[in-house]
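Structural description and commentary
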Amino acid sequence: MTATVDFALPAELEAPGPPESRGLPRDGVRMLVSRAATGTVAHHRFTDLPGLLLPGDLLVVNTSRTLPAAVPAGPGLVVHFGTALPDGTWLVEPRIPAGQSSIPNGPVPPPRTIPLPGGVELALTGRATARLWHARLSVAVLPYLLRYGEPIRYSYAARSWPLEAYQTVFGRHQGSAEMPSAARPFSTSVVTELATRGVTIVPVRLHCGVSSLEADEDPYPEQYDVPPATARLVDLTRRSGGRVIAVGTTVVRALETAARARQAGWTSLVVTEDTGLLAVDALLTGLHEPRSSHLRLLAAFHEPGLLAACYEAAVSRGYLWHEFGDVHLMLP
Amino acid sequence: MKKALITGASRGLGRALADGLAAAGYALVIDARDAGALAATASAIRAAEPGADVTAVPGDVTDPAHRSALHQAAGRLDLLVNNASTLGAAPLPALADYPLGELRAAFEVNVLAPVALVQLFLPALRERGGAVLNITSDAAAEPYSGWGGYGAVKAALEQASNVLAAEEPAIRVWWVDPGDLRTDMHQAAFPGEDISDRPLPSSVVPALVRLVEERLPSGRYLAADLVPA
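Residues numbered from 1 in each chain as written. Chains lettered and ligands numbered in written order. Predicted model: local features only at pLDDT ≥ 70, side-chain atom pairs only at ≥ 80, totals over all residues.

**A short note on the overall build of chain B**
On a plain count of helices and strands, chain B comes out with eight helices and seven strands. C-alpha extents for chain B along the principal axes are approximately 50 × 40 × 40 Å. Here chain B, with 229 residues, has 43% of them falling under the buried criterion. Summarising the internal contacts of chain B: among those between residues at least 6 apart in sequence, 68% fall at separations of at least 24. (Helix = DSSP H or I, 4+ residues; strand = E, 2+ residues; numbered from the N terminus. Buried ≥ 20, exposed ≤ 12 C-beta atoms within 10 Å, placed from the backbone. Contact = placed C-beta atoms within 7 Å.)

**A look at the nonpolar core**
Core analysis: the biggest nonpolar cluster contains 149 residues, and A:Val60, A:Ile245, A:Val247, A:Leu255, B:Ile30, B:Leu80 and B:Leu208 have the highest contact counts within it. By residue number, the principal contributor to this core is helix 4 (residues 100-128) of chain B, which donates eight residues. For this core, the domains that each give at least three residues are domain 1 (11-66 + 162-331) and domain 2 (70-148) of chain A. Aside from chain neighbours lying at most four places away, what touches A:Val247 is A:Leu59, A:Val60, A:Val61, A:Asn62, A:Ala182, A:Ala183 and A:Leu284. Judged by nonpolar contacts, the second largest core, of six residues, contains A:Tyr156, A:Trp161, A:Ala165 and A:Met179. (Core = buried A, V, L, I, M, F, W, Y, C linked by C-beta atoms within 7 Å. Domains from an automatic or database assignment.)

**Examining the sheet that holds strand 6 (residues 172-177) of chain B**
Residues and elements named next belong to chain B. Pairing is parallel across the open sheet formed by seven strands, whose spatial order is 3-2-1-4-5-6-7. Only two strands of the sheet have a single partner each, and these edge strands are strand 3 (54-56) and strand 7 (219-222). For this sheet, the mean inter-axis angle between neighbouring strands, taken without regard to orientation, is 20°. Running at roughly 175° to strand 4 (residues 79-82), helix 4 makes contact with strand 4 and strand 5 (131-135) of the sheet. (Pairing = 2+ DSSP bridges. Axes fitted to C-alpha atoms, helices over the stretch in contact; angles between N-to-C directions.)

**A look at the environment of B:Ala48**
Residue and element names in this part refer to chain B. Within the secondary structure, Ala48 is located in helix 2 (residues 35-48). Judged by local crowding, Ala48 falls into the exposed class, with 11 C-beta atoms found within 10 Å. Sequence separation between Ala48 and Asp19 is 29 residues; the distance between their C-alpha atoms is 8.3 Å.

**A look at the sheet that holds strand 17 (residues 282-286) of chain A**
Residue and element names in this part refer to chain A. Taken in spatial order, the nine strands line up as 2-1-18-17-15-3-13-14-16 in an open sheet, and their pairing is mixed. Sheet topology places strand 2 (40-45) and strand 16 (264-267) at the edges, where each strand pairs with a single neighbour. Ignoring which end each strand starts from, the neighbouring axes of this sheet average 25° apart. Pairing of strand 17 with strand 18 (residues 327-331), which is carried by four bridges, proceeds in the antiparallel orientation. Along strand 18, the bridge assignment pairs Leu284 with Leu329.

Shown next as structure tokens:
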């Protein structure tokens, strides 16, 4: 395991709600910009992105939509639906409601069948990890969640924001337990500026499972699809001197998996400094938890000293963390 | 303090880039054939940027002794700008009538001299993670009638840059098309024409400074791409 950046995250730097609730437009968040070539860190608004990129650069975005993946199962239990597995079962996490959010390790009564709203049953078929279970719902999961679920939220959320607050402008395909949030600042006007600048935007799909927010765990297997046209443009961009910029760690996982294996399926690849990068040159991402697996992924882009400098600057300048917070553009 | 060598710095794009790099805090070694014009450039830069470190070394880049003098004057170097250039025969003849002596001379100035300077400075550039910036033209790729001589030498410079970038991963190698500019060279290509609609050389300096300051990947760039309108 590679070393990761460690730092204390002050509670006031945890964004409790979307930028719109802070009086900012979607694209009005801040953007820390770091460059591996020069070892420098600079401070921008997200709307500076088109000018910071170059014609011929390729942005790769995740078109997964966020599901209302939390289902209240009674006064003492809420179930988070994380990831659909190839056999039709789901990885789920039973949690204990706590105020507006919840904490891990909700009670699982024998015989491990949880009654859910609407007269539906969730059968836990076995433990997957300390927190997660394999489970089978008695009805189709996506329509059920869209009717009965709520967005997953953690303790830093000030209140229950509507599902639309958890969608990016690129979200088209239902399936993420948590928002692929690096793309949240994109607005239609920024996309227009990028297009007129000569920066191309192409899609991949990777449904995000529940994050490893409360434990230093690796990400779970996730379902991904890199369309053939996207794979071709990634290849063309790298051969013609442009840069492939992943919008979010999910896109890094999808593209790096496709560069090593099939273009669609379930991936268990965990990108780190040790795996290196075969397809991606740069990353736009949020600000990540201390010691998280995401930080190990960031170490594939920047050497440890620069990464530490980025996070020191982000803390000292009051950048905001989590899905509604500020972003970080990591350039080669 | 970082140091840059700019050839052909007494006029046009080289002069404007010297102003821009001095403003960005670079120590400069500048070169041009016209000693008087070069000295005036050095004085103007020092006046505009008090404390600027500017060394003027007049001479012809095709002269090995002058190139040695540049190497002596610069010593350690972070950025080599091969800007000095000749249009070749002017007004621009068709290749059918191109005087071969002038074509050979154009290769000397626009290809051999830049490669020779790269050879001299490569050890220093490798050591410091430096960069080479070669000024090129769309004439290197486009079949403009009359531009066969200049186009051929710039195409040669581009491919030398391309291979150098592959051979020298420790440094950056950029070759940049600045676009048409209101310079003496451009006027010589269009004698008697009004070229006042072309932008001033200073207009592309922010693009070149961006390339240097952001240490963008080696490759071919259009100045217009680097700074959005």
